[in-house]
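# Tertiary structure, described
What follows is the residue order along each chain.
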Amino acid sequence: MHEHTPRKTRKVKIGKLAIGGSSPVSVQSMCTTDTSDLKATIDQIRRLEDAGCEIIRVAVPDMDAAAKLSRIKRAISIPLVADIHFDWRLAVEAARQGVDKIRINPGNIGDKDKVREVVKAAKSAGIPIRIGVNAGSLKTLQKTPNPRWKPAEWAEVMVKEALEEVRALETLDFRQIVVSLKADDIERTMLANTLFSEKSDIPLHLGVTEAGSFLSGAVKSAIGIGLLLTQGIGDTIRVSLTEDPLTQVRAAYEILKALKLRQYGPDLISCPTCGRCQVNVARIMHEIEERVYSDKTLLRRAEGKKIAVMGCVVNGPGEAREADFGVAGGKGKGIWIERGKQIKVVKESEWVNEVIRKIRSLK
Ligand code: SF4
């Protein structure tokens, strides 16, 4: 899988980061806070930075939010993207405020003159624009509100509209463009992105929009985004879940790790438990995850390490053999194992701390 050849895309600079070219697939998310609430927004972005988020987008619903973007930008260290719908003047103000990218949905931004103003502002600020085409808000739907298109026809309309916008921007000599083509189902998302990638070298931001709650959304995103990535399509990803954005970032990295496209944090493995289990493996795993993924240092030190938590000593040590370290449970205690060797006995109440101590001791 990791030998797949990424599609050759043009390189687009977003702050210190690049999307496309030979850059690694980056992970992004979107704040759920009211952008005008500076404290809440900055706190959330900082938590996301610690969890590995590489690009953050905020909604800019009005001038009050737009006017606060420079203060958010100064307080964070990852590129900031302004998400604009309906009002081109908000995009112009966002560029003036120093954001690193603007996302517009041309379907609702209005006529060409308004888009031209946005391009002018982005050009003078030296920032890229993402053209975000969503299946649910296509311009064509204004004329054909309830189309009976097959998925491939939806994909064609999505790509046609995206390419029209690309042309409008390129005619103005603007080439720092990223495109996203999102639908709320895998089929249209895949068809649209595959078709677009055959026609353009513009980097693609992948996502299945409104994917759903944690389980259904993560599964849909993993399949939709994952299948495209295995074909070498996709330059940056956002997993949309009706969840804390921290979870979205985790899910995005899990997709990239599973495809061996990025390394991030440890590979935590645990057994599903069965009637032999006498410890709460789920709680212990959850605590380890919480602690590791909320601490940049732990994440870095644990990178690439396989850490196992197994529910019993019957199969646990065998199953944990390939792990770098871990613990296999009994009643109230467990055996600490390092690379298949049984090292010591650890009380159940100390399992989480022992794993964290071990990670801290790593270089
Ligand atoms: S490791 Fe033990 S508790 Fe876990 S599934 Fe295997 S046999 Fe059951």
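Criteria and cut-off values
- Residues numbered from 1 in each chain as written.
- Predicted model: local features only at pLDDT ≥ 70, side-chain atom pairs only at ≥ 80, totals over all residues.
- Heavy atoms only, no water.
- Helix = DSSP H or I, 4+ residues; strand = E, 2+ residues; numbered from the N terminus.
- Buried < 20%, exposed > 50% of the residue type's maximum accessible area, 1.4 Å probe, protein only.
- Contact = heavy atoms within 4.5 Å.
- Areas by Shrake-Rupley, 256 points an atom, 1.4 Å probe, with all protein chains shown as cover.
- Lys, Arg positive; Asp, Glu negative; His and termini not counted.
- Charge placed at Lys NZ, Arg CZ, Asp CG, Glu CD.
- Phe/Tyr/Trp six-rings, centres within 6.5 Å; stacked < 30°, edge-to-face > 60°.
- Lys NZ or Arg CZ within 6 Å of the ring centre and 35° of its normal.
- Domains from an automatic or database assignment.
- Buried area = accessible area lost by both parts, 1.4 Å probe.
- Salt bridge = Lys/Arg side-chain N within 4 Å of Asp/Glu carboxyl O.
- Polar contact = N/O pair within 3.5 Å; in protein donor to acceptor, adjacent residues only side chain to side chain.
- Nonpolar A, V, L, I, M, F, W, Y, C, P; charged D, E, K, R; others polar.
- Pairing = 2+ DSSP bridges.
- Axes fitted to C-alpha atoms, helices over the stretch in contact; angles between N-to-C directions.
- Patch = residues over 30% accessible without salt bridge, like charges linked within 9 Å, V, L, I, M, F, W, Y side chains within 5 Å.
- Disulfide = S-S within 2.5 Å.

## With respect to the overall build of the protein
- Each helix and strand counted, the protein has 15 helices and 15 strands in total.
- The principal-axis extent of the C-alpha atoms belonging to the protein is close to 70 × 45 × 35 Å.
- In the protein, which comprises 363 residues, the proportion classed as buried is 54%.
- Sequence separation of 24 or more characterises 65% of the internal contacts of the protein that already satisfy a separation of 6 or more.
- With the model as given, the accessible surface of the protein reaches about 16,700 Å², and the carbon-plus-sulfur share is 51%.
- Side-chain charges of the protein comprise 59 positive and 46 negative groups, with the mean position of each set lying 4 Å from the other.

## Examining the packing of aromatic side chains
- Applying the stated criterion to the full structure yields three aromatic pairs.
- Each ring, one from Trp 149 and one from Trp 154, has its centre 4.8 Å from the other, and the planes form 80°; the classification is edge-to-face.
- Judged by relative accessible area, which is 13%, Trp 154 ranks as buried.
- The ring of Tyr 293 is capped by Arg 250, whose NZ or CZ atom sits 3.7 Å from the centre of that ring.

## Topic: the domain arrangement of the protein
- Domain assignment breaks the protein into domain 1 (12-258) and domain 2 (267-361).
- Here domain 1 and domain 2 have C-alpha centroids that lie 38 Å from each other.
- Each partner contributes residues to the interface: domain 1 has six residues there, and domain 2 has four residues.
- Summed over both partners, the interface of domain 1 with domain 2 buries about 520 Å², with 45% contributed by carbon and sulfur atoms.
- The residue Asp 50 makes a salt bridge to Lys 296 at a minimum N-O spacing of 3.9 Å.
- Our count for the contact surface shared by domain 1 and domain 2 stands at two residue pairs in polar contact (both at pLDDT 80 or more).
- Among the elements of the structure, helix 1 (38-50) and helix 11 (245-258) are those that each provide at least two residues to the side of domain 1 that touches domain 2.
- Of the residues that constitute the side of domain 1 that touches domain 2, the class distribution is one nonpolar, no polar and five charged.

## A short note on the sheet that holds strand 15 (residues 341-347)
- Taken in spatial order, the five strands line up as 11-12-13-14-15 in an open sheet, and their pairing is mixed. A single partner strand is all that each edge strand has here, and the edge strands are strand 11 (267-270) and strand 15. Strand-to-strand twist in this sheet, taken as the mean axis angle between neighbours without regard to direction, amounts to 20°.
- Where strand 12 (residues 306-310) meets strand 13 (residues 325-329), four bridges bridge the pair, whose relative direction is parallel. In the sheet register, Met 310 faces strand 13, and the bridge partner there is Ala 328.

## Notes on the sheet that holds strand 5 (residues 80-84)
- Read across the open sheet, the eight strands follow the order 8-7-6-5-4-3-10-9; overall the sheet is parallel. The sheet terminates laterally at strand 8 (177-182) and strand 9 (205-206), the two strands that pair on one side only.
- Sheet analysis places strand 4 (residues 55-59) next to strand 5, joined by four bridges and oriented parallel. Its bridge partner lying in strand 5, Val 58 is registered against Ala 82.
- Strands in contact with helix 11 are strand 3 (26-30) and strand 10 (236-237); relative to strand 3, the strand with the most contacts, it is inclined by about 160°.

## Quick word on the side chain of Gln 44
- Examined against the element boundaries, Gln 44 turns out to sit in helix 1.
- Excluding residues within four positions of it along the chain, Gln 44 makes contact with Cys 31, Thr 32, Thr 33 and Pro 245.

## Remarks on a nonpolar patch on the surface
- There is a patch of nonpolar side chains on the surface, built from Phe 214, Leu 215, Val 219, Ile 223 and Leu 227 and spanning about 450 Å² of accessible area.
- Within the element layout of this structure, Leu 227 appears in helix 10 (residues 214-230).

## Some thoughts on the pattern of salt bridges
- Under the definition given, this model contains 31 salt bridges.
- Between Glu 164 and Lys 160 there is a salt bridge, with its nearest N and O atoms 3.3 Å apart. Of this pair, Glu 164 and Lys 160 both sit in helix 8 (residues 151-171), four residues apart, which is roughly one turn of the helix.
- Judged by its relative accessible area of 33%, Glu 164 falls in the partly exposed class.

## Observations regarding the state of the cysteines
- Scanning the model with the defined rule gives zero disulfides in all.
- Here Cys 31 is not disulfide-linked; the sulfur of Cys 53 is the nearest cysteine sulfur, at 8.1 Å.

## Some remarks on the environment of Ala 302
- You can see Ala 302 is positioned in the loop between helix 13 (296-301) and strand 12.
- Take Ala 302: its relative accessible area is 0%, and that puts it in the buried class.
- Along the primary structure Ala 302 and Leu 138 are separated by 164 residues, whereas in three dimensions their C-alpha atoms are 44 Å apart.
- Ala 302 has contacts with Gly 265, Pro 266 and Ile 359, leaving out every residue within four places of it along the chain.

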